[in-house]
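What the coordinates show
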Amino acid sequence: MAKKRSRHGDRSGGTGSPRDRGPRHGHAHGPAGRSAAGDGPLPLVVAGFRRWLLDQVPEPVAEETASGISTLLKLRADYMDLHDPGMWTAEIIAFLLTELVPWKVAQRREDSVLIIPRLAMFFEYLEEQGQWSRSSMPVAAAHATLEGLELDVLEAADDPSRRSMSGNILSYAVEQGLDLGDPDVLNAYMAWYNSLPHAERIELSDTGRLRRPSRLFDPAANDEDSRMPPGGSGGTPKAAGGGSAFGPVVDAARAGVPYDGGARGYGGLGAEGSFAGWDDDAIEGARGPLGDSWPAYLGAPPQSDDREFTPEEMLAAGRDSVFVQRALAILDLVGEGARVTSTGALTLRDTQKLCDAWGLEPRKLRSMWDRPEIADPFTTLIEGRWLEGSATRIYPGEGLAPACDPEEDPDGFRLFVTALLTRHFLSRLLSASYDGGFRGLPDTAFALMKAGSAGGLDMPDIHGVLRSFSDDELASERMMADFWRAASTDLDLRSLALSGVITRVDRHVAASCAVLVAMGNAMEIMQMEDLPFGEDDDLDEDGYLY
């Protein structure tokens, strides 16, 4: 998604700014230097808080909690110039927990969940002792602010873009259970880090993770014992990546020749044949003007794909499109700007808002990328430049066509719908199947043509067909090739329906005229620009994706 930029620009709201990135070697975490706060009231407040805790919790818990609060107060003093421990506002709390702590404190992710309850206990102490500042927000509002930041704190703890390079390196050590307070352990760990290959050092300093280290850290082991087999995969590559004419697919079909995917090939599946046991009349009926290239399992082809759609039809299709509605909702959510995670996703909080607003079935949410209903229109908005941004925030962009209100500017709205859907289809055509691209071309294009016809498309019961195969049919390469051809198309249609591009009820599929026009535009762009269709064979010699 967006490329990284400096994560610590000017801040407003009186919360100050983190200093330029911390040192790149050594133990950079905790305050970068002692301020006058060390000689001020903070130690006395922390000591009083510790005594207060001892009346309520076991001593080890009191020690840990007081130590954690001490760190937070020192961070406020050193980086926000806040020396009154009773001074708290929503801006101070959010900046401290989601910016300063990730940037300056090396901790395990599971430890980050303790920050909010610890701070809540400290707020109770301040109120009880009469030390809550009059300039602060009400205590009840402060507790509500803490509760509202739970997801943000977890997300920040898991976001390497919020840490310095040294922070990522040290966070990995903490995750491994190392005691960074022991100078010998710290020195041995940094020596191990410096001994890693360059690519692994970059991975660790950029992400705080090391997927397959060529050398494990173990201060007690000799070189041979601490070695492990090298290897590992790179990240999944992201493709670049947007009526009734369906370009080369239909051209080949009309010529009565199988389409080979533009010399790329699609599994060597041929373009003719059908499942055994299907109605012979249906098979013969399918051999219409498109000849043997038309997949028999889709039934009879539509009578004509040369229809011209009226402006009213296109306007209605855009209004009714779930995909378009979701894209507009995301633009409204982003507004003048919104935070994104290190992976370029909306935050969990914003993702949950959309899930709730759209009535998506509840399930455990780890990232926006777990919900294609959100991720697909969001990605299309990024690719079409309706959204632009940096490593930490996104903002409205110009877009391929302005997002318009259908009532105020129907012509502009039709243009936006066409541009949005065309951009989405182009991305699917360019991407490999493991990265959201189509699996079943050219049949998927044919299926959309049929789904856009008057009666729509009724897909076969793919799983039922497979269960009905005899042992001989299961052993037949031709039969299984035909099966996977239909199954791949079915997966594509399910994915499009999940994204809201088309509608699907059980096995019945319907596509709007806007979808037909956009798919046609995308196929023509692929043909005119001689662009390669997505392919699955981007593997290195070890079998890893590169």
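Presented here is a report on the structure given in the accompanying data block. (Residues numbered from 1 in each chain as written. Predicted model: local features only at pLDDT ≥ 70, side-chain atom pairs only at ≥ 80, totals over all residues. Heavy atoms only, no water.)

**Side note on unusual backbone geometry**
- Cis geometry marks the peptide bond from Leu 441 to Pro 442; its omega dihedral reads 5 degrees.
- For Asp 81, which is not a glycine, the phi torsion comes out positive at approximately 55 degrees.
- Considering the arrangement of structural elements, one finds Asp 81 in the loop between α2 (59–80) and α3 (90–104).
- Of note in this structure, Arg 385 is not a glycine but carries a positive phi near 65 degrees.
- Along the chain, the position of Arg 385 falls in the loop between α16 (372–383) and β2 (387–389). (Helix = DSSP H or I, 4+ residues; strand = E, 2+ residues; numbered from the N terminus.)

**Some points on the side chain of Asp 350**
- With respect to the element layout, Asp 350 can be found in helix α15 (residues 348–358).
- Look past the residues within four positions of Asp 350 in its chain and what remains in contact with it is Leu 333 and Ala 338. (Contact = heavy atoms within 4.5 Å.)

**Observations regarding the pattern of salt bridges**
- On inspection of all chains with the given rule, the structure shows 13 salt bridges.
- Arg 118 serves as the salt-bridge partner of Glu 64, at 4.0 Å between the closest nitrogen and oxygen. Here Glu 64 is found in helix α2, whereas its partner Arg 118 is found in helix α5 (residues 115–128), with 54 residues between them in sequence.
- When the shortest N-O distance is used, the salt bridge between Glu 373 and Arg 371 registers 2.9 Å. (Salt bridge = Lys/Arg side-chain N within 4 Å of Asp/Glu carboxyl O.)

**A word on the packing of helix α14 (residues 322–334) against α15**
- Contact pair α14 / α15: the axes reach a minimum separation of 11 Å and the direction vectors enclose 135 degrees. With respect to α15, the element α14 is oriented oblique. Considering how the two elements wind past one another, α14 and α15 form a crossing that is right-handed. Residues Arg 326, Ala 329, Ile 330 and Leu 333 of α14 lie in contact with α15, whose contacting residues are Asp 350, Lys 353, Leu 354 and Trp 358.
- Within the contact of α14 with α15, the residues separate by chemical class into five nonpolar, no polar and three charged. (Axes fitted to C-alpha atoms, helices over the stretch in contact; angles between N-to-C directions. Parallel < 35°, antiparallel > 145°, perpendicular 65-115°, else oblique. Left-handed = near helix turned anticlockwise from the far one by under 90°. Nonpolar A, V, L, I, M, F, W, Y, C, P; charged D, E, K, R; others polar.)

**A closer look at the nonpolar core**
- Counting residues in each nonpolar core, the largest one holds 72 residues, and the members touching the most others are Leu 387, Ile 394, Phe 425, Leu 429, Ile 502 and Met 519.
- Elements represented by at least two residues in this core include exactly α13 (311–320), α14, α15, α16, α17 (410–430), α18 (443–451), α21 (477–499) and α22 (513–528).
- When residues no more than four places from it in sequence are discounted, the contact partners of Ile 502 are Leu 448, Leu 493, Leu 496, Ala 497, Val 509, Ala 510, Ala 511 and Val 515.
- Ranked by size, the runner-up nonpolar core spans 42 residues in total, among them Leu 53, Tyr 79, Leu 126 and Leu 146. (Core = buried A, V, L, I, M, F, W, Y, C linked by side-chain atoms within 4.5 Å. Buried < 20%, exposed > 50% of the residue type's maximum accessible area, 1.4 Å probe, protein only.)

**Side note on the packing of aromatic side chains**
- One pass over the structure, following the stated rule, counts 14 aromatic pairs.
- Taking 6.3 Å as the distance between ring centres and 25 degrees as the angle between the ring planes, the aromatic pair formed by Phe 122 and Tyr 125 counts as stacked. Of this pair, Phe 122 and Tyr 125 are both found in helix α5, three residues apart, which corresponds to roughly one turn of the helix.
- Judged by its relative accessible area of 5%, Tyr 125 is buried.
- Ring centres 5.6 Å apart and planes at 90 degrees place the aromatic pair Trp 386 and Phe 416 in the edge-to-face group. (Phe/Tyr/Trp six-rings, centres within 6.5 Å; stacked < 30°, edge-to-face > 60°.)

**Focus: the packing of helix α1 (residues 42–54) against α2**
- It is at 9 Å that the axes of α1 and α2 come closest, and there the two elements cross at 155 degrees. Relative to α2, the element α1 is oriented roughly antiparallel. Where α1 crosses over α2, the two elements pack in a sense that is right-handed. Seen from α1, the contacting residues are Leu 42, Val 46, Phe 49, Arg 50, Leu 53 and Leu 54; seen from α2, they are Glu 59, Ala 62, Glu 63, Thr 65, Ala 66, Ile 69, Ser 70, Leu 73, Lys 74 and Ala 77.
- Residues belonging to the contact of α1 with α2 are distributed by class as follows: ten nonpolar, two polar and four charged.

**Points about the sheet that holds strand β3 (residues 393–396)**
- With respect to topology, three strands assemble into an open sheet ordered β1-β3-β2, the strand pairing being antiparallel. The sheet is open, and its two borders are formed by β1 (338–339) and β2, each paired with just one other strand. (Pairing = 2+ DSSP bridges.)

**Focus: the environment of Thr 444**
- Residue placement: Thr 444 occurs in helix α18.
- For Thr 444, a relative accessible area of 0% corresponds to the buried category.
- C-alpha of Thr 444 to C-alpha of Leu 491: the two residues are 47 residues apart in sequence and 9.4 Å apart in space.
- Leaving out residues up to four positions away in the same chain, Thr 444 has contacts with Phe 438, Thr 489 and Asp 492.

**A word on the sheet that holds strand β4 (residues 457–458)**
- Taken together, three strands build an open sheet; the order of strands is β4-β6-β5 and the sheet is antiparallel. Looking at the sheet topology across the chains shown, the edges are occupied by β4 and β5 (503–505).
- As paired strands, β5 and strand β6 (residues 508–510) are joined by three bridges and run antiparallel to one another. Paired with Thr 503 across the bridge in β6 is Ala 510.

**Focus: the pairing of β3**
- As paired strands, β1 and β3 are joined by two bridges and run antiparallel to one another. Note on β3: the bridge partner recorded for Arg 339 is Arg 393.
- Taken together, the three bridges between β2 and β3 define a ladder with antiparallel strand orientation. For Glu 388, the partnering residue across the bridge sits in β3 and is Tyr 395.
- Here β2 folds back onto β3, and the loop between the two strands holds three residues.

Any link to function would need more than the numbers given here.
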